[in-house]
Amino acid sequence: MDKTDMDAVYQEYANLIYRFLYTHTHDADWSQELMQETFLRAVDSISRYDGSCKLSVWLCQIAKHVMWQELRKRKRFDIVEWTEELPDAHGQDGEGCALQQERTKELYRAIHLLPELEKEVVLYRMTGELSFRQIGEILGKSENWSRTVFYRAKQKIRKELEKYE
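What counts, and where the lines are drawn
- Residues numbered from 1 in each chain as written.
- Predicted model: local features only at pLDDT ≥ 70, side-chain atom pairs only at ≥ 80, totals over all residues.
- Heavy atoms only, no water.
- Helix = DSSP H or I, 4+ residues; strand = E, 2+ residues; numbered from the N terminus.
- Buried < 20%, exposed > 50% of the residue type's maximum accessible area, 1.4 Å probe, protein only.
- Contact = heavy atoms within 4.5 Å.
- Core = buried A, V, L, I, M, F, W, Y, C linked by side-chain atoms within 4.5 Å.
- Salt bridge = Lys/Arg side-chain N within 4 Å of Asp/Glu carboxyl O.
- Phe/Tyr/Trp six-rings, centres within 6.5 Å; stacked < 30°, edge-to-face > 60°.
- Lys NZ or Arg CZ within 6 Å of the ring centre and 35° of its normal.
- Expected span 1.5 Å × (residues − 1).
- Arc of directions from axis to C-beta.
- Axes fitted to C-alpha atoms, helices over the stretch in contact; angles between N-to-C directions.
- Parallel < 35°, antiparallel > 145°, perpendicular 65-115°, else oblique.
- Left-handed = near helix turned anticlockwise from the far one by under 90°.
- Nonpolar A, V, L, I, M, F, W, Y, C, P; charged D, E, K, R; others polar.

**Student:** Just to check I follow, could you spell out the overall build of the chain for this structure?
**Tutor:** Scanning the chain from N- to C-terminus turns up 7 helices and 0 strands. Ordered by position in the sequence, the α and β elements of the chain form the string α-α-α-α-α-α-α. Expressed as a percentage of its 165 residues, the buried residues of the chain come to 41%. Looking at the chain alone, contacts between residues at least 24 apart form 60% of all its contacts between residues at least 6 apart.

**Student:** Would you take a moment to explain the nonpolar core for this structure?
**Tutor:** A general tendency of soluble globular proteins is for nonpolar side chains to be buried together. One finds Y13, I17, L21, F39, L59 and I138 to be the most contacted residues of the largest nonpolar core, which totals 40 residues. Those elements that provide at least two residues to this core are α1 (3-25), α2 (28-45), α3 (55-74), α4 (94-112), α5 (116-126), α6 (132-139) and α7 (143-162). With residues near it in sequence (within four places) discarded, I17 still touches M35, T38, F39, S56, L59, C60 and A63.

**Student:** What is the right way to read the pattern of salt bridges from this model?
**Tutor:** One side chain can pair with another of opposite charge once the charged atoms of both are near each other. Under the criterion given, the structure shown has 7 salt bridges. For E120, the salt bridge identified is with K64, shortest N-O distance 3.3 Å. Of this pair, E120 sits in helix α5 while K64 sits in helix α3, placing them 56 residues apart in sequence.

**Student:** How do you make sense of the packing of aromatic side chains when you look at a structure like this?
**Tutor:** Here a ring pair, both rings aromatic, is described through the centre-centre distance and the interplanar angle of the planes. If you walk through the whole model with that rule in mind, you get 5 aromatic pairs. Ring centres of Y18 and Y22 lie 6.1 Å apart, and the angle between their planes is 25°; this geometry places the pair in the stacked category. Taken together, the positions of Y18 and Y22, both in helix α1 and 4 residues apart, correspond to about one turn of that helix. Relative to W58, the ring of Y49 lies with its centre 5.0 Å away and its plane at 45°, an arrangement referred to as tilted. Relative accessible area serves as the criterion here: at 23%, Y49 is assigned to the partly exposed category. A cation over a ring is seen here: R125 above F132, with NZ or CZ 4.0 Å from the ring centre.

**Student:** I would appreciate a short explanation of α7 in the present structure.
**Tutor:** Structurally, the α-helix is built with 3.6 residues per turn, so residues lying three or four positions apart point the same way. Spanning 20 residues, α7 covers 29 Å between terminal C-alpha atoms, matching the ideal 28 Å at 1.5 Å per step. Residues of α7 that are buried: S146, V149, F150, A153, I157 and E160. All buried residues of α7 fall inside an arc of 100° around its axis, so they share one side. Every exposed residue of α7 that faces more than 90 degrees away from the buried side is listed here: N144, Y151, R152, K159 and E162.

**Student:** Can you walk me through the packing of α5 against α6 in this structure?
**Tutor:** In a pair of packed helices, the angle between the axes and the distance between the axes together describe the arrangement. Their axes nearest at 10 Å, the elements α5 and α6 cross at an angle of 140°. Considering their axes alone, α5 and α6 lie oblique with respect to each other. Crossing of α5 against α6: the hand is right-handed. Touching L117, E120, V121, Y124 and R125 of α5 are F132, I135, I138 and L139, all from α6. When its residues are assigned to classes, the contact of α5 with α6 shows 7 nonpolar, no polar and 2 charged.

Quick look at the structure:
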C-alpha cells in the first residue's frame, strides 16, 4: 500500500476511529491525538496487515492498543469513568438541570453494571454513534449479534433504572 492508498484509508476510517476512541476516553482532544497516533502506527505496520480481518477492525485494534499504552504511560486509568461528562441541559431551570444530570448519572451507573461486552456495545452505539454493522465488525461478530446484545442490554438498563423511580 502506498501513500495515496493510506490517504484514502484515512479519509474512509478516520471518523470511525475517532468515535471508537471517544467512546472510551470521553475527551475530544485526546481522542484526536490517539487517532493520529493510530494512523501513524498503521502506516508503519501496514506490511503486517494480512487481510484476515476487515481493515476497520484492524485499525480499531491498533487504536485500542495505542489508547491503553497511553493510559499506562500517563497513569490515567480514571479516564474511563462513566460519569465524567454530562449532557448539556440547555434552557432548563436549575431544578430541571439538576434532575437531568441525576437521570444521566443513573443511566451511566446502570450501564456500568453491565457485563463488559454489553457495556462496549451500548457505549459504541450511544456515544460513538456506530451502526450495528460497524459494532459487529469491531468486535468480530455479526450485525444481528450486535442488535441482540444491544436490545438485551437496554432491557437490563431499564430494569436497573426502575429501581431509581
